Amino acid sequence: MNVRHFLALSAAGPDALNAMIDDALTRKAAREGLRKGARDADAPLDGYLLAMIFEKNSTRTRVSFDVAMRQLGGSALIMEAGSTQIGRGESVADTARVLSRMVDAIMIRTDDHAKIEELAHHATVPIINGLTDRSHPCQIVADLLTLAENGKTLEGLELAWFGDGNNVLNSILEAAGLLKFNVRIAVPQGYDPDAAFLAQARSNGARVTITRDPAEAADSADVIVTDTWVSMGQDHAAPKLAAMAPYQVNDGLLAKAKPGAVFLHCLPAHVGEEVSESVFEGSRSLVFDEAENRVHAQKSILLWCFGKL
Ligand code: CP
Ligand code: NVA
């Protein structure tokens, strides 16, 4: 079998994505009452080792992959780029070839998406995208899982996004095309998501609209989503913050969505900026389920990469 890299959601495709969600739901339910560090009964990754390379900060991705590997019976090690030879300029190609001799899979969080593609090109073990400036596919598996466990049917779902057209939105668009849900995007002029992701979602049959009017996007939506206005590696530029201000998710905006609409945010959040405290802490907010689900989603992603799903 070819090496299964998870650089993008489309690497898996719709059937595998649905299988990941189902498996995560099953494994999560089966762990009821277990300690967080306890192994799943079948320990399917016994003996497997994951290396995690971080060129950017992380709390959820870092801990959830580590916990996921432990629960699946394997283990993980962390490489902070700054204290490795990568940080001193050792090539991506050599890093890929060396690590492929030592570990069973590599997760990397980096800036330039080309770097992860180069890593995958030279590696002989699965490479997992733990976030780049372009996309954040692992996050979206957790988001889809969170929606599924809250009774949302993904096909035909109306998801509304507010604020910055960033890496997380790009991956939502990719998922929309694969699983046939619709995306209303309310972002200021100049902050649209990547044109290639927009085109791909539309050509795959998702209805995607872009508006400068947040109320229009929120109208009768099933899911309200936002993310930080300033992603890692970006400047806190005053003009950008000013442009984003009308796109805050607050009670007024949520009131326009369907009565059963839920709120998602990948975290970390900047409460008072992209989301009001009332929405963030309110009953429609699933943000901490979403964060927990990173663990369950990572397990499905890892199992898929190792051909066990
Ligand atoms: N949502 C997310 O990826 O969080 P971290 O940056 O903490 O990993
Ligand atoms: N868009 C954010 C997501 C953080 C998980 C960033 O790239 O910083």
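Residues numbered from 1 in each chain as written. Chains lettered and ligands numbered in written order. Predicted model: local features only at pLDDT ≥ 70, side-chain atom pairs only at ≥ 80, totals over all residues. Heavy atoms only, no water.

*Asks:* Sorry, what's going on with unusual backbone geometry here?
*Replies:* A negative phi angle characterises most non-glycine residues, just as the trans form characterises most peptide bonds. Residue Leu267 is joined to Pro268 through a cis peptide bond whose omega torsion reads 5 degrees. When you line up the elements, Pro268 lands in the loop between strand E9 (262-265) and helix H11 (277-280). A positive phi is found at Leu131, a non-glycine position, where the angle reads about 120 degrees. Tracing the backbone through its elements, the reader meets Leu131 in the loop between strand E4 (127-129) and helix H5 (137-149). Overall, Leu131 belongs to the buried group, its relative accessible area being 6%. For Ser220, which is not glycine, the phi torsion reads 60 degrees and is therefore positive. Tracing the chain through its elements places Ser220 in the loop between helix H8 (214-218) and strand E8 (223-226). Overall, the relative accessible area of 36% leaves Ser220 in the partly exposed class. (Helix = DSSP H or I, 4+ residues; strand = E, 2+ residues; numbered from the N terminus. Buried < 20%, exposed > 50% of the residue type's maximum accessible area, 1.4 Å probe, protein only.)

*Asks:* Could you clarify how one ought to interpret the sheet that holds strand E5 (residues 158-162) in this entry?
*Replies:* Each strand in a sheet pairs with its neighbour through backbone hydrogen bonds, running either in the same direction (parallel) or in the opposite one (antiparallel). One open sheet holds the five strands; their spatial order is E7-E6-E5-E8-E9, and the pairing between them is parallel. Sheet topology places strand E7 (208-211) and E9 at the edges, where each strand pairs with a single neighbour. Averaged over neighbouring strand pairs, the angle between their axes works out to 20 degrees when direction is ignored. One ladder, built from four bridges, connects E5 with E8; its direction is parallel. Within E8, the position partnered with Ala160 by the bridge is Ile224. (Pairing = 2+ DSSP bridges. Axes fitted to C-alpha atoms, helices over the stretch in contact; angles between N-to-C directions.)

*Asks:* Would you take a moment to explain empty space enclosed by the protein for this structure?
*Replies:* As enumerated under the stated definition, the model contains two cavities of 30 Å³ or more in all. Approximately 60 Å³ is the volume found for the largest cavity. Ile53, Glu55, Ile86, Ser91, Val92, Thr95, Ile108, Lys115 and Leu119 are the residues that line the largest cavity. Sorting the residues of the lining of the largest cavity by element identifies helix H3 (92-102) and helix H4 (113-122) as the ones contributing at least two each. Taken as a whole, the second largest cavity spans an internal volume of roughly 40 Å³. In terms of lining residues, the second largest cavity is bounded by Ile140, Asp143, Leu144, Leu147, Leu159, Ile172, Phe181 and Leu264. (1 Å grid on protein atoms, 1.4 Å probe; cavity = no way out; pocket = protein on both sides within 12 Å on 5 of 7 lines; lining within 4 Å. Points joined across faces, edges and corners; volume = space filled by probe spheres on them.)

*Asks:* Please clarify how helix H7 (residues 195-203) should be interpreted in this entry.
*Replies:* Two residues of an α-helix separated by three or four positions point the same way, owing to the 3.6 residues in each turn. All of the buried residues in H7 are Phe197, Leu198 and Ala201. Each buried residue of H7 lies within a common arc of 100 degrees when the element is viewed along its axis, so the set occupies one face. Pointing more than 90 degrees away from the buried face of H7 are the exposed residues Ala195 and Ser203. Next to the buried residues of H7 lie helix H6 (167-179), strand E6 (182-186) and E7. Regarding H7, its N-cap is Asp194, as a side-chain oxygen of that residue lies 2.8 Å from the backbone nitrogen of Ala196 further along. (Arc of directions from axis to C-beta. Contact = heavy atoms within 4.5 Å. Polar contact = N/O pair within 3.5 Å; in protein donor to acceptor, adjacent residues only side chain to side chain.)

*Asks:* Which parts of the structure should I look at to understand the site of ligand 1?
*Replies:* Taken together, Ser58, Thr59, Arg60, Thr61, Arg109, His136, Gln139, Cys266, Leu267 and Arg294 make up the full set of residues near ligand 1. Here an oxygen atom of ligand 1 sits 2.9 Å away from a polar atom, N or O, in the side chain of His136. Residue Gln139 places a side-chain N or O atom 2.9 Å away from a nitrogen atom belonging to ligand 1. Relative to its unbound accessible surface of 250 Å², ligand 1 loses 95% to contact with the protein. Here ligand 1 is seated within the largest pocket. When the residues that make up the shell around ligand 1 are grouped by side-chain class, the tally is two nonpolar, five polar and three charged. (Near = heavy atom within 4 Å. Areas by Shrake-Rupley, 256 points an atom, 1.4 Å probe, with all protein chains shown as cover. Sits in = over half its atoms within 2 Å of the grid points. Nonpolar A, V, L, I, M, F, W, Y, C, P; charged D, E, K, R; others polar.)

*Asks:* Any chance you could explain the nonpolar core here in plain terms?
*Replies:* A general tendency of soluble globular proteins is for nonpolar side chains to be buried together. Residues Phe6, Ile172, Phe181 and Leu302 are the most contacted members of the largest nonpolar core, which totals 60 residues. Of the residues forming this core, the biggest block, eight residues, is contributed by H6. Counting 20 residues, the second largest nonpolar core, distinct from the first, contains Ile224, Leu254, Leu267 and Val279. (Core = buried A, V, L, I, M, F, W, Y, C linked by side-chain atoms within 4.5 Å.)

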